[in-house]
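Spelled out, the chains give:
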Amino acid sequence: MKSSGAKYGITLSSLSMPGQRNPSARSPRSREAPAAFAAVTERVEAYFAGEAVEFDFDYNAVGTAFQQRVWRSLEDIPYGTTTTYGALAETLGVPRADVRALGAAIGANPLLLVRPCHRVIGADGSMRGYAAGIDRKVALLTLEGALAPTLI
């Protein structure tokens, strides 16, 4: 979690993509305020322009203590690289028997891109689940240079 929202006056709690499986629900109290999210929009647009972006705006997402621990660890995976579910579990001290719980926590990440869950892949290099779809996961990793572009 970043700071309390003081830097830009807002705190992002969710970032999803169109067609995403189980996106975070909007609060009934929320309202459209594009200007309030200008810094977020700027960073996301820079990311999709191929820049290695630091998401330095304030964010906070609600989850269990285990989910929070897993989500924080995603922030340590550098741009342009990947890690595996097993390696992440080892880093966090998660027993092998609980790797599925780790995968479920990753899958519940409400801050796509900001907490880069797309950088976690199978031990054999295979693309495992991604809430925004495997095609998007491949596209994001290709954009970052972690995967070579495929020619069709």
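Before reading further, recall that the structure is shown in the block above.
Here is a short report on the structure shown in this document. (Residues numbered from 1 in each chain as written. Predicted model: local features only at pLDDT ≥ 70, side-chain atom pairs only at ≥ 80, totals over all residues. Heavy atoms only, no water.)

What about the nonpolar core?
Here is step 1: Within the largest apolar cluster, 32 residues are counted, with the highest numbers of intra-cluster contacts made by Leu-12, Leu-74, Leu-102, Ile-106, Leu-113 and Val-114.
Here is step 2: Counting only elements with at least two residues in this core, the list comes to helix 1 (38–48), helix 2 (65–74), helix 3 (85–92) and helix 4 (99–107).
Here is step 3: In terms of residues, this core owes the most to one element, helix 3, which gives four residues.
Here is step 4: In contact with Ile-106, not counting residues within four places along its chain, are Val-70, Leu-74, Tyr-85, Leu-88, Cys-117 and Val-120. (Core = buried A, V, L, I, M, F, W, Y, C linked by side-chain atoms within 4.5 Å. Buried < 20%, exposed > 50% of the residue type's maximum accessible area, 1.4 Å probe, protein only. Helix = DSSP H or I, 4+ residues; strand = E, 2+ residues; numbered from the N terminus. Contact = heavy atoms within 4.5 Å.)

Description of the side chain of Lys-137
Here is step 1: Looking at the secondary structure, you find Lys-137 in helix 5 (residues 134–144).
Here is step 2: Although Lys-137 is buried, it forms no salt bridge, and the closest oppositely charged side chain is Asp-124 at an N-O distance of 10 Å.
Here is step 3: Looking at Lys-137, its side chain comes within polar contact range of the main-chain oxygen of Val-120, at 2.6 Å.
Here is step 4: Aside from chain neighbours lying at most four places away, what touches Lys-137 is Tyr-85, Cys-117, His-118, Val-120, Ile-121, Met-127, Arg-128, Gly-129 and Tyr-130. (Lys, Arg positive; Asp, Glu negative; His and termini not counted. Salt bridge = Lys/Arg side-chain N within 4 Å of Asp/Glu carboxyl O. Polar contact = N/O pair within 3.5 Å; in protein donor to acceptor, adjacent residues only side chain to side chain.)

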